[in-house]
Amino acid sequence: MELSESVQKGFQMLADPRSFDSNAFTLLLRAAFQSLLDAQADEAVLDHPDLKHIDPVVLKHCHAAAATYILEAGKHRADKSTLSTYLEDCKFDRERIELFCTEYQNNKNSLEILLGSIGRSLPHITDVSWRLEYQIKTNQLHRMYRPAYLVTLSVQNTDSPSYPEISFSCSMEQLQDLVGKLKDASKSLERATQL
Amino acid sequence: MLLELSEEHKEHLAFLPQVDSAVVAEFGRIAVEFLRRGANPKIYEGAARKLNVSSDTVQHGVEGLTYLLTESSKLMLYLDNRKEIRTILSELAPSLPSYHNLEWRLDVQLASRSLRQQIKPAVTIKLHLNQNGDHNTKVLQTDPATLLHLVQQLEQALEEMKTNHCRRVVRNIK
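Here's what I pulled together on the structure shown here. Owing to the predicted nature of the structure, the values given are computational and were not obtained by experimental measurement. (Residues numbered from 1 in each chain as written. Chains lettered and ligands numbered in written order. Predicted model: local features only at pLDDT ≥ 70, side-chain atom pairs only at ≥ 80, totals over all residues. Heavy atoms only, no water.)

1. So, the overall build of chain B
And step 1. Per the secondary structure count, chain B includes seven helices and three strands.
And step 2. Taken across its 174 residues, chain B has 29% of its residues classed as buried.
And step 3. Excluding contacts between residues fewer than 6 apart, the proportion of contacts in chain B whose partners are at least 24 apart in sequence is 45%.
And step 4. Approximately 11700 Å² of chain B is accessible, and the part contributed by carbon and sulfur atoms is 53%. (Helix = DSSP H or I, 4+ residues; strand = E, 2+ residues; numbered from the N terminus. Buried < 20%, exposed > 50% of the residue type's maximum accessible area, 1.4 Å probe, protein only. Contact = heavy atoms within 4.5 Å. Areas by Shrake-Rupley, 256 points an atom, 1.4 Å probe, with all protein chains shown as cover.)

The following block contains the structure:
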């Protein structure tokens, strides 16, 4: 994990009971997690009355340091011992280390989900809808009678809401081919998970 | 599809039934030559003298026969390829892209810039579609749960064809 001096300085300040008493420390820690994980969080997360006595510049610095560290730890899937070692180096006392690790453990899953969802990927199929129709006539060809399917795939794109849907028509045979192939993929997936 | 000839046409061909089969055969031969090499006035004159008719009559006769031959062969071509022609014409209807093929691949994401040590299975799909003769491919991805959902939904779609309701419609609307 690569952490800057700024992060380290911020943590050293956090470690100091003269700058942050127990209560303030806990509040700031929680605010850091909240900023990262709560979609509705904003700057007001640091507006707690029990944090008012602290210099806003210091408050911001420490908040940023904590958030940065949490993200790095999450990215590298840091375990408790890694966390402890770093916090010890920043002069955290035992109590604060325990507090940090507990908060981290409580929020670990959400953090990993958040980090895992960042990044580019192919357009992702989220759903399918279908329609079965019986074609009777067109202006090119009189009287043609045949059933046809219209399949629409709902697609989510990381880049933009372009192409939210892909639609195509197919005959019954073609749909059987499509389903057959998807089933093959599915069985293959099942076998792979049993390895 | 019926072969339709104009009145003028019928007139041109009118004299054929009145002559014997050898003459008709000769006319047939001339008509094919005409198709191959274009008109040959000398032959028309020769034939006109032999039959004691004007060379115009001969010319019209040949042209009429030629037309008859080409129309008949068009009909033959149509009859032979009827099924395919109808399929192609039906696809000319205002249409959406149609399914052509599907390729798939299993992937497992192991890490990303923002998160290491992952095991995230995914299915990558290459969907081949045709539209107006153009071949189009789309590369998509889905997760295992959605894949199962897709299979289930589309199997239901296929099942629908076998229901009494659909069978009745297909049987009765022809």
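2. A short note on the interface of chain A and chain B
Many authors give the size of an interface as the accessible area that is lost as the parts come together.
And step 1. Each partner contributes to the interface: chain A provides 55 residues, whereas chain B provides 52 residues.
And step 2. Between chain A and chain B, roughly 5000 Å² of surface is buried when both sides are summed, and carbon and sulfur atoms account for 70% of that area.
And step 3. Our count for the chain A to chain B interface comes out at one salt bridge.
And step 4. K183 of chain A is the partner of E155 of chain B in a salt bridge, and the nearest nitrogen-oxygen pair spans 2.4 Å.
And step 5. Our enumeration of links across chain A and chain B arrives at 21 residue pairs in polar contact (both at pLDDT 80 or more).
And step 6. Elements that contribute at least two residues to the side of chain A that touches chain B include exactly α3 (56-75), α5 (94-116), β1 (124-135), β2 (146-156), β3 (165-170) and α6 (172-193) of chain A.
And step 7. The element contributing the most residues to the side of chain A that touches chain B is α6 of chain A, with 16 residues. (Buried area = accessible area lost by both parts, 1.4 Å probe. Salt bridge = Lys/Arg side-chain N within 4 Å of Asp/Glu carboxyl O. Polar contact = N/O pair within 3.5 Å; in protein donor to acceptor, adjacent residues only side chain to side chain.)

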